[in-house]
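Below, each chain spelled out in residue letters.
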Amino acid sequence: MASNSVIPVDQPNTTAEIIRLQNRLTDIRNHRKILELRNEIARESQLLADAQHRLQATESQMMTGDRSLDSSYTPTRLTAGSAIPADKGIKAKPSDSRPKPVTGNNNTSGNVISRREVPKLPINKKYCGRDRSSYITLVSNLRGFFCKHEQHFASDKNKIAEAKRHLSRLILDEWTTLEESSGRTHTWDEFCFFLLRQIERPATPRLARHRWNVTRKHCDETVQDFANYLVMLEDYFSTSLSEHERSQRLCNGMSSSLQKRARDDSSFFTLRYDAQVELLAKWERAGPVGKM
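Here goes a summary of the coordinates provided. (Residues numbered from 1 in each chain as written. Predicted model: local features only at pLDDT ≥ 70, side-chain atom pairs only at ≥ 80, totals over all residues. Heavy atoms only, no water.)

## Focus: the side chain of Arg246
Here is step 1 of the chain: Note that Arg246 resides in helix α8 (residues 243-252).
Here is step 2 of the chain: According to the relative accessible area criterion, Arg246 is buried, its value standing at 18%.
Here is step 3 of the chain: In terms of polar contacts, Arg246 uses its side chain to reach the side chain of Glu234, at 3.0 Å.
Here is step 4 of the chain: Look past the residues within four positions of Arg246 in its chain and what remains in contact with it is Trp212, Val231, Glu234, Leu241 and Tyr273. (Helix = DSSP H or I, 4+ residues; strand = E, 2+ residues; numbered from the N terminus. Buried < 20%, exposed > 50% of the residue type's maximum accessible area, 1.4 Å probe, protein only. Polar contact = N/O pair within 3.5 Å; in protein donor to acceptor, adjacent residues only side chain to side chain. Contact = heavy atoms within 4.5 Å.)

## Looking at the packing of aromatic side chains
To describe a pair of aromatic rings, you give the distance between the ring centres and the angle between the ring planes.
Here is step 1 of the chain: Going through the model one piece at a time under the given rule, you end up with 10 aromatic pairs.
Here is step 2 of the chain: Ring centres of Trp188 and Phe191 lie 5.7 Å apart, and the angle between their planes is 25 degrees; this geometry places the pair in the stacked category. With Trp188 and Phe191 both in helix α5 (residues 188-196) and 3 residues apart, the pair spans about one turn of that helix. Like Phe191, Trp188 is buried.
Here is step 3 of the chain: Aromatic pair Phe191 and Phe194: ring centres 6.5 Å apart, planes at 35 degrees, arrangement tilted. Highlighted residues: Phe191 and Phe194, both in helix α5, separated by 3 residues, approximately one helical turn. Judged on exposure class, the residue Phe191 and its partner Phe194 are both buried.
Here is step 4 of the chain: Taken together, the ring pairs in this structure connect Phe145, Phe146, Phe153, Trp175, Trp188, Phe191 and Phe194 into an aromatic cluster.
Here is step 5 of the chain: Sitting above the plane of the Tyr229 ring, Arg132 keeps its charged end 4.4 Å from the centroid.
Here is step 6 of the chain: The ring of Tyr273 carries the charged tip of Arg246 above its face, separated from the ring centre by 3.9 Å. (Phe/Tyr/Trp six-rings, centres within 6.5 Å; stacked < 30°, edge-to-face > 60°. Lys NZ or Arg CZ within 6 Å of the ring centre and 35° of its normal.)

Spelled out as structure tokens, the structure:
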């Protein structure tokens, strides 16, 4: 008779996983409570603003009514002999019924002054960090839009302000929390890395390693974005990588023209990893690099 076999369970690891998931669940619940409180505050603020507006309107009406009931004012009564002759006294100036030109400000010269509106990229779908493809699409569209209106989007501040319009409420709250906690101004590259980290994380280190091995740079993806994606996956590895492994993987994920240029450059693989990323990005900006 076959004996019943029991699959051994790694109790410490199981307990640690349960604790980690419980902590994660607590964090999610707390975050939901924060969002609910923020919505409640926004609703109460709107009600307060409406009440103040109604109060101001009521006070304005009361002041107007007081003036109309002032009994000390007596209108001048004209008699038959007190009428002003038509050829004497005040002559009425004919009113000019022609419309005046609308100006961009309070300029009274009559010249029309146009104000340049802030360019805005149409929102097709809010970014919620679903996957890498959605990140590439959003950032690629934004970069193209910034190039088209480079005069307005010369600063990282304006770039981030426009990009925030395209974020889901949850991710926007995450970014706001990060800004408030850091207490400093962030760059556009830092903002992009934040967006990249919002995509769905690999469930296991093995899956992270598989994605790291097979992924390649998209044609609409910059070298820096691709390098950041590799770094994000490496954070989930159970073992660390050597500088040589990271360098080879970075190069293998590039387009064929960039790979060739890197291998033809005798000094490329002697550089630090960060320097290799910068050099590849420089080559990419210098001219067409071909497609995958």
